[in-house]
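# Observations on the three-dimensional arrangement
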Amino acid sequence: MNWEIIVNSDYKDTVAETGNKLLIGNGYLGVRGTLDEHEKEELVAITLAGIYDKVGNGWREPLNAPNPFWSKIHLDDQLLTARSENVIFHEQNLQFRYGILIRETVWKTEKGNITLKTERYADINAVNKLHYRISLSSDQVMHLRLSTGINSDVWDIHGPHYKGVRLIEKDSCLACEALVQNDIDRVAVVREDTIAESSIYEKRLVTDESKIFNCYEIELNPHQSFELTSEIAIVTTKDHSDALNKAIQVCQSSSSSDKTNHLSKWDKIWNTCEVEIGGDEMAEMGMNYSLYQLNIAAPRHSKSLSIPARALSGQVYKGAIFWDTEMFMLDYFLWTQPEIAKTLIGYRIDTLSGALEKASQYGYEGAFYAWESQEGGFDACSDYNVTDVFTNRPVRTYFKDKQMHISSAIARGIDYYVQVTDDFSVLLEGGLITVIECAMFYRSLLLKPLLKDHFVINDVIGPDEYHERVNNNAYTNYMAHYTIKCAIEQAKAVMTLYPEAYLAIDKVNDISEKLKKLEAVVDKIYLPKPNEFGLLEQFDGYFTLEDITPDIAKSRLKHPKEYWGGGNGVASDTQVIKQADVLTLMEVRSDIFSPDVIEKNWHYYEPRTEHGSSLSACMYALTACRFNRPDLSYPFFLKSALSDLKGGGKQWAGLVYIGGTHPAASGGAWKSLIQGFAGLELSENEPLLSPNLPEHWQYLVFRINYKGKLIKIRINSVKGSYHILREEIK
Ligand code: IFM
């Protein structure tokens, strides 16, 4: 398989997309795939996981570290960049098997040709470390100037987040210590350069307001290039109280074996997850690239951290954690690297207090998880999440208040984790009470209409965000019911298997009382049923709305960036939906909806879906597999798998920029491939497979971790029948 992504140009209007596509990272940080000479205008950013700041009334967002890859080359007074007219070759090459980004640019000048090569990677083992190499060569004798060092002036959406920077040279390192506006946190970036002995140069140190760098006056000739190796460390006060000195120590601990260890760790990661698809190179590459994106976002260095909706590709969506993680990404980790799944769940367990507080602020019981969760479970979702294109005024949206299905995602994540791994420690260490509190939240939403013997749930937003404040959204009602059932069942399982632990949890949390309350309502929640045509109404009154297609809705826009939903969007009073809603329910609960019903709903809702969210396509891919139509599923699978390679996703919600990478689509692509086409599901003794592959695929090879055993599965497709081979691997 081709493990390279190549970009040969650098234009103003493609830097955003290229920066996402060529992202490198290691779960601690993500480095956008910008060029060495780029500035904040080109969206240069090293986004740090789990550390946030708020400036004035701006949105609270993750910090971008000062940029240690800042480099400029001058020939006389001419700045050489990838956009210079005299470029005769330019390439950025992401070797995504190993997360290494290589750049090569050749300029043809009057004095001769100049070649610049750089290489950077984020160490996958020691996550505070980055490695950088610069090589300059020429076919003629000439003099060049290279300025290279740390630039603290980086891309910010709601910044600047640093109120002051200290730029010093210490212990032969360049160091930048940035003090965050919150007056508490500091980010230290340290870089130590080593120059090959054969290089001929003079060096001077330069500092200005935002940068510290070395200026190298270089003599090149055809036999003598200039070779610089740079070891970099980034440490924040969240990691260590003396971030600066710790960073120096980390930086100086680098050794030549770092790269060997980096490569071998990546090989080990691929051994858990690589896929092979016979007869479809594009799908194979797209899928493995999606897994790369998930793997560079995975918090391997922590026991309690999660993956933001735009991973570590920048500050979009406030670097916050959405339902995307549990509903779209978790299964991939659970089935390949379960320890990472445990860390993602650990984050939710540790942020339960934030969810309890949010519920009580709204007057509910239990745990109402943050729609956009930052550290401690703080809900970063703004009351005004969209800006009106005509008035430039913020628009009141109700995502934070009304996307009540969020807590069911956490319950589902914990439930599925226990089912797949049989690891009850998660339940004993906070998971059980988390699920019970989620269930208590749904209980407190239940309303009993006069003369009815059931409970309804009113005034919510389902997965389709264009229709706000609706009643009895089928997804929400079913998931509320599922959460309550799950709480009761998990409590019973813990009581039976771990009676002492159960008593201890009960003593602190009074769960027996809560379970009685849950048992009293569980069978009385209104679960709307499919009508005489087999169709399940998305919410009360949905079928009475104007029935138009997304294209017609689009034709009514008065501005290309106009928001489609909310109070008066072009979709709000129509049946046009943003993303899979009923079909998401039918995927999550495919155990209770028949293939025939799923098929009918698929054909009804798909033509009405805008797919304005990257979470949408995979749900249509998965559900088409439930009624055995891999042909229908395939384009939706491909759309998810290629979402970061092809770009083209929505970049704006009103005037708010929403670009970046799409880890939920990547996770959804894996789900479509493995749980859809291969039909992987749990059964009593071993994972069950019921393949139904696209016709042009000759085979599918993938790996799963089942209860600690790594298993390689090969499905050969021979004239419409399948041969399955399983092999345990080390
Ligand atoms: O969680 C999603 C939501 O469902 C649709 N809007 C974007 C969010 C983040 O991906």
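Up top is the structure these notes are about.
Attention in this report is confined to the structure presented alongside it. Source: prediction; values computed, not measured. (Residues numbered from 1 in each chain as written. Predicted model: local features only at pLDDT ≥ 70, side-chain atom pairs only at ≥ 80, totals over all residues. Heavy atoms only, no water.)

## Examining helix α5 (residues 324–336)
It helps to recall that an α-helix has 3.6 residues per turn; residues three or four apart then point in one direction. The first and last C-alpha atoms of α5 sit 18 Å apart over 13 residues, in line with the 18 Å expected at 1.5 Å per residue. Of all the bends in α5, the greatest measures close to 55° and is centred on L330. In terms of burial, α5 is a largely internal element, 13 of the 13 residues being buried. (Helix = DSSP H or I, 4+ residues; strand = E, 2+ residues; numbered from the N terminus. Expected span 1.5 Å × (residues − 1). Bend = angle between axes of the 7 residues up to and from the residue. Buried < 20%, exposed > 50% of the residue type's maximum accessible area, 1.4 Å probe, protein only.)

## Points about the site of the ligand
In the neighbourhood of the ligand, the contacting residues comprise A309, Y317, F322, W323, D324, W371, E465, K578, Q579, S613 and L615. Between the ligand and the protein, one listed contact pairs an oxygen atom with a side-chain N or O atom of W323 at 2.9 Å. In the complex, 96% of the free accessible area of the ligand, which totals 280 Å², lies under the protein chains. Looking at side-chain class alone, the shell around the ligand contains six nonpolar, two polar and three charged residues. (Near = heavy atom within 4 Å. Polar contact = N/O pair within 3.5 Å; in protein donor to acceptor, adjacent residues only side chain to side chain. Areas by Shrake-Rupley, 256 points an atom, 1.4 Å probe, with all protein chains shown as cover. Nonpolar A, V, L, I, M, F, W, Y, C, P; charged D, E, K, R; others polar.)

## Here's the deal with the state of the cysteines
In the structure shown here, the tally under the stated rule is zero disulfides. Not part of a disulfide, C625 finds its nearest cysteine sulfur in C618, a span of 11 Å. The exposure class of C625 is buried, given its relative accessible area of 9%. (Disulfide = S-S within 2.5 Å.)

## Quick word on the pattern of salt bridges
All chains considered together, the criterion is met by 44 salt bridges. Its salt-bridge partner being E686, residue R726 comes within 3.9 Å of it at the nearest N-O pair. In this pair, R726 is assigned in strand β26 (residues 721–729) and E686 in the loop between α20 (663–677) and β24 (699–706), connecting sequence segments 40 residues apart. What makes E686 partly exposed here is its relative accessible area of 42%. One connected set of salt bridges, linked through shared partners, spans D383, R396, K400 and D401. (Salt bridge = Lys/Arg side-chain N within 4 Å of Asp/Glu carboxyl O.)

## Quick word on the pairing of strand β9 (residues 100–109)
Counted residue by residue, β9 has seven buried out of 10 residues, so it is predominantly covered. Sheet topology places strand β8 (residues 87–95) next to β9; eight bridges connect them, and they run antiparallel. Looking at the pairing, N93 lines up with I102 of β9. The antiparallel hairpin formed by β8 and β9 contains four residues in its connecting segment, where G99 sits at a positive phi of about 60°. Where β9 folds back on strand β10 (residues 112–122), the antiparallel hairpin that results is connected by two residues. (Pairing = 2+ DSSP bridges.)

## What to know about the sheet that holds strand β5 (residues 61–64)
The antiparallel open sheet is built from four strands, whose spatial order is β2-β3-β4-β5. Either end of the sheet is taken by a strand with one partner, and the two such strands are β2 (24–25) and β5. Note that β2 and strand β3 (residues 29–31) share two bridges and pair antiparallel. Note on β3: the bridge partner recorded for I24 is V31.

## With respect to the environment of V206
Mapped onto the secondary structure, V206 falls in strand β16 (residues 200–207). For the pair formed by V206 and S407, sequence separation is 201 residues and the distance between their alpha carbons is 52 Å. With residues near it in sequence (within four places) discarded, V206 still touches K211, I212, F213 and C215. (Contact = heavy atoms within 4.5 Å.)

## A closer look at unusual backbone geometry
Geometrically, the link from G159 to P160 is a cis peptide bond, its omega value of 5° lying close to zero. Position of P160 among the secondary structure elements: in the loop between β12 (142–151) and β13 (162–170). Look at D76: it is not a glycine, yet its phi comes out positive at around 50°. Position of D76 relative to the elements: it lies in the loop between β6 (67–75) and β7 (78–80). Even without glycine at this site, D171 takes up a positive phi of about 50°. Assignment of secondary structure puts D171 in the loop between β13 and β14 (173–180). Note on D171: relative accessible area 46%, which makes it partly exposed.

## Here's the deal with the environment of L312
Structurally, the position occupied by L312 is in the loop between α4 (281–297) and α5. Under the relative-accessibility criterion, L312 is labelled buried at 4%. Along the sequence, L312 and G27 sit 285 residues apart, while their C-alpha atoms lie 7.7 Å from each other. Discounting residues that sit within four places of it in the chain, L312 has contacts with L23, G27, Y28, L29, G30, T47, L48, A49 and I296.

## Some details on the nonpolar core
If you look at the biggest cluster of nonpolar residues, it comprises 208 residues, and the most contacted ones within it are L136, I234, W323, F637, L673 and F702. Leaving out residues up to four positions away in the same chain, L136 has contacts with I73, I114, T115, L116, L144, L146, I218, L220, S225 and F226. Core analysis: the next-biggest nonpolar cluster, separate from the first, contains 12 residues, C173, A175, V235 and I248 among them. (Core = buried A, V, L, I, M, F, W, Y, C linked by side-chain atoms within 4.5 Å.)

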